[in-house]
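What follows is each chain in one-letter form.
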Amino acid sequence: MNDQILQVLDQSLKLSLWAFIASFVTCLAFIIFRLKARRDTLERYKKREFDEVYEREMTDTEAENQPHRPLHLFNQLPMVMRAIGFSFLLATVCFLIVGFTPFSPWVNFSNLAVDESTPLRLTFLNYERFHDGFSLQGEVWNQSQTPIEGVQAIVQIWKSEQELLEQFPVIVEPDPLPAEAPGSFVFRYTKSSPFRYGYQVIFQSSKGIEIPHAKGFDVE
């Protein structure tokens, strides 16, 4: 999974989360409004009933038997649960629209464009140092739409910031490197040299042409 896919997923999740929060807050505001209106109606009802009873006691008369429709308070918990369910459904629809449909104004899986200028992305590079040298274990992702044959990781050992000491080609497996798929390489350097300044990893084709690459994830 390359960083473009992660960015699309992250963007879709963020927007769907905001849609959930906005929908839930709106539903809660509506519930509060309904409860307040119901409470005001109940207060007016109680006040009217109290005034009628007080008037009967003062006038010592019997009021006509008129049935009154009982007022029931809303059960708040089911209303909140329905609001959560509605908000979750709306967030799911938002996630699908933003991430997978061509109607989205953002970049998503339906209009994802691969940058052909950097067909490779170095997604992982682990460095381990030992007494006589060091070892590298890396993963590179072919983010183009076509397989690449003969990919080599060239490990360059630098004597100084400007001077190259030596370099070693390492085969990236599998070969050819499939489209939109990862490959791996392992390198071990066992020479103890006081002139070693640092290292760098680049990529070349089988014809010695450098293949541009980008860095991502755990690679600095």
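**Notes on the overall build of the chain**
Scanning the chain from terminus to terminus reveals two helices and seven strands. For the chain, with 220 residues in total, the buried portion stands at 32%. Put simply, 66% of the contacts in the chain that link residues at least 6 apart link residues at least 24 apart. Accessible area of the chain: about 15,100 Å², with a carbon and sulfur share of 59%.

**Notes on the pattern of salt bridges**
On inspection of all chains with the given rule, the structure shows two salt bridges. Note that Lys14 and Asp10 form a salt bridge whose closest N and O atoms lie 3.3 Å from each other. Taken together, the residues span about one helical turn, with Lys14 and Asp10 both in helix α1 (residues 3–59) at a distance of four residues. We classify Lys14 as partly exposed; its relative accessible area is 48%. Look at Asp10 and you get partly exposed, because its relative accessible area is 38%.

**Brief notes about the environment of Gly99**
Looking at the element boundaries, Gly99 is found in helix α2 (residues 76–100). Separated by 84 residues in the primary sequence, Gly99 and Leu15 have C-alpha atoms spaced 9.8 Å apart. What Gly99 contacts, discounting residues up to four positions off in sequence, is Val8, Ser12, Asn108 and Phe109.

**Structural notes on the sheet that holds strand β3 (residues 152–158)**
If you trace the three strands from one edge of the open sheet to the other, you get β4-β3-β6, paired in antiparallel fashion. The two strands at the open ends of the sheet, each matched to only one other strand, are β4 (164–171) and β6 (198–204). Along the sheet, successive strands turn relative to each other by an average axial angle of 25°, direction set aside.

**Overview of the nonpolar core**
Judged by nonpolar contacts, the single largest core of 20 residues is most densely connected at Leu120, Val151, Phe185 and Phe203. In terms of nonpolar packing, the next biggest core, distinct from the first, is built from five residues, Cys27, Ile31, Leu35 and Met79 among them.

**Quick word on the confidence of the model for the chain**
Across the chain, the average pLDDT comes to 80, with 79% of residues at or above 70. By mean pLDDT, α1 is the weakest element of the chain at 79, and strand β5 (residues 181–189) is the strongest at 93. Counting contacts from residues 63–67, a segment whose pLDDT is below 50, to residues more than four positions away or on other chains yields one contact.

Criteria and cut-off values
Residues numbered from 1 in each chain as written. Predicted model: local features only at pLDDT ≥ 70, side-chain atom pairs only at ≥ 80, totals over all residues. Heavy atoms only, no water. Helix = DSSP H or I, 4+ residues; strand = E, 2+ residues; numbered from the N terminus. Buried < 20%, exposed > 50% of the residue type's maximum accessible area, 1.4 Å probe, protein only. Contact = heavy atoms within 4.5 Å. Areas by Shrake-Rupley, 256 points an atom, 1.4 Å probe, with all protein chains shown as cover. Salt bridge = Lys/Arg side-chain N within 4 Å of Asp/Glu carboxyl O. Pairing = 2+ DSSP bridges. Axes fitted to C-alpha atoms, helices over the stretch in contact; angles between N-to-C directions. Core = buried A, V, L, I, M, F, W, Y, C linked by side-chain atoms within 4.5 Å. pLDDT = per-residue confidence, 0-100.

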